[in-house]
Amino acid sequence: MERTAFTATFTGMMSAFLIWAVHFAAIYGINGLICAREWDGADLYGHPVAVVLILGATAVALLLAAGVLAAALWGAAPGRRTSEDPRRFIRLFTGLAAAGSLVAILWNGLPALQVPACG
């Protein structure tokens, strides 16, 4: 296996976890920024700024993780260039990671939407 193929395969396998981690940092960064700048009372499109931004970040993260899951289920996941034996493991790992990330993104996003930013 070439080095670039390994790097691409490994990055693809970890993509769902990377999406979850970026989402986690984004929602708590948004809350921290809103509290630090005292924008807690500001509205955007008729709703609190924190709710709109966190909802948008959660929707984008869910779509990306669902895309990774769909790619794993339809065989377009990383590992196309590897031999047959590890390919099955790579697809299974990527699919399970994406499914777990979908749950984790919802688990992180919903409380951030329900509790005020500067609670």
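Each chain has its residues counted from 1, running along the sequence as written. Given that this is a predicted model, residues contribute local features only at a pLDDT of at least 70 and side-chain atom pairs are listed and counted only at 80 or more, while totals for whole chains, interfaces and linings are drawn from all residues. Side-chain measures here rest on the full set of heavy atoms in the structure, leaving out hydrogens and waters.

Q: Mind showing me how you'd approach the UniProt feature "transmembrane region" (unreviewed entry) in the protein here?
A: Per the UniProt record, the feature "transmembrane region" (unreviewed entry) sits at residues 12–30, 50–77 and 89–107. Helix makes up 100% of residues 12–30 and strand 0%. Its end C-alpha atoms lie 27 Å apart. Here a helix means four or more residues in a row that DSSP labels H or I, a strand means two or more in a row labelled E, and each is numbered from the N terminus. Between the C-alpha atoms that bound residues 89–107 there is a distance of 26 Å. The span itself is 100% helix and 0% strand. UniProt positions are given in the numbering used here, feature names are shortened, and annotations may be inferred rather than shown by experiment.

Q: Looking at this model, I keep getting lost on the environment of Leu63. Mind explaining?
A: Note on placement: Leu63 falls in helix H2 (residues 49–73). Sequence separation of Leu63 and Leu102 is 39 residues, and the distance between their C-alpha atoms is 9.0 Å.

Q: What am I meant to see in a nonpolar patch on the surface here?
A: To count toward a patch, a residue needs a relative accessible area over 30% and no salt bridge; like charges are then connected within 9 Å, while nonpolar side chains (Val, Leu, Ile, Met, Phe, Trp, Tyr) are connected within 5 Å. Surface accessibility in these figures is a Shrake-Rupley result with a 1.4 Å probe; residues are shielded only by whichever protein chains are displayed. Should a side-chain nitrogen of Lys or Arg be within 4 Å of a carboxyl oxygen of Asp or Glu, the pair is scored as a salt bridge. A cluster of nonpolar side chains, Leu44, Tyr45 and Leu53, forms an exposed patch at the surface whose accessible area comes to about 330 Å². You can see Leu53 is positioned in helix H2.

Q: Help me understand the packing of aromatic side chains in this model?
A: When two rings of Phe, Tyr or Trp (its six-membered ring) have centres within 6.5 Å they constitute a pair, described as stacked for plane angles under 30 degrees, edge-to-face for angles over 60, and tilted for the intermediate range. Going through the model one piece at a time under the given rule, you end up with 5 aromatic pairs. Measuring from centroid to centroid gives 5.8 Å for Trp20 and Phe24, while their planes differ by 35 degrees, and the two rings are tilted. Placement of the pair is Trp20 and Phe24 together in helix H1 (residues 3–36), with a separation of 4 residues, close to one helical turn. Relative accessibility under 20% of the residue-type maximum defines a buried residue, over 50% an exposed one, and the middle range a partly exposed one, all with a 1.4 Å probe and only protein chains included. Judged by its relative accessible area of 30%, Trp20 falls in the partly exposed class.

Q: I'm lost on unusual backbone geometry in this one. Help?
A: At Glu38, a position not held by glycine, the phi torsion is positive, near 55 degrees. The exposed category is assigned to Glu38, whose relative accessible area is 72%. In the Ramachandran plot, Tyr45 falls in the positive-phi region, its phi being about 55 degrees despite a non-glycine side chain. Mapped onto the secondary structure, Tyr45 falls in the loop between strand E1 (43–44) and strand E2 (47–48).

Q: What exactly am I supposed to notice about the nonpolar core here?
A: In summary, soluble globular proteins display a tendency toward joint burial of nonpolar side chains. What is meant by a nonpolar core is a set of buried Ala, Val, Leu, Ile, Met, Phe, Trp, Tyr and Cys residues, joined one to another through side-chain atoms within 4.5 Å. Among the nonpolar cores identified, the biggest contains 10 residues, and these are Ala16, Ile19, Ala61, Ala65, Val68, Leu69, Ala97, Ala98, Leu102 and Ile105. Elements represented by at least two residues in this core include exactly H1, H2 and helix H3 (84–114). Note on contacts: a residue pair is in contact if any heavy atoms of the two residues lie within 4.5 Å. For Ala97, the residues in contact, after removing those within four places along its chain, are Met13, Ala16 and Phe17. Among the nonpolar cores identified, the runner-up in size contains 8 residues, and Ile27, Ile30, Ile34 and Ala50 belong to it.

Q: What should I look at first to understand the environment of Leu106 in this one?
A: Relative to the helices and strands, Leu106 resides in helix H3. The class for Leu106 is partly exposed, based on a relative accessible area of 39%. Sequence-wise, Leu106 and Ala61 are 45 residues apart; in three dimensions their C-alpha atoms are separated by 9.4 Å. Once residues within four sequence positions are removed from consideration, Leu106 is found in contact with Leu62 and Pro111.

Q: How should I be thinking about the side chain of Asn31 in this particular structure?
A: Tracing the sequence through the fold places Asn31 in helix H1. Judged by relative accessible area, Asn31 falls into the buried class, the value being 10%.

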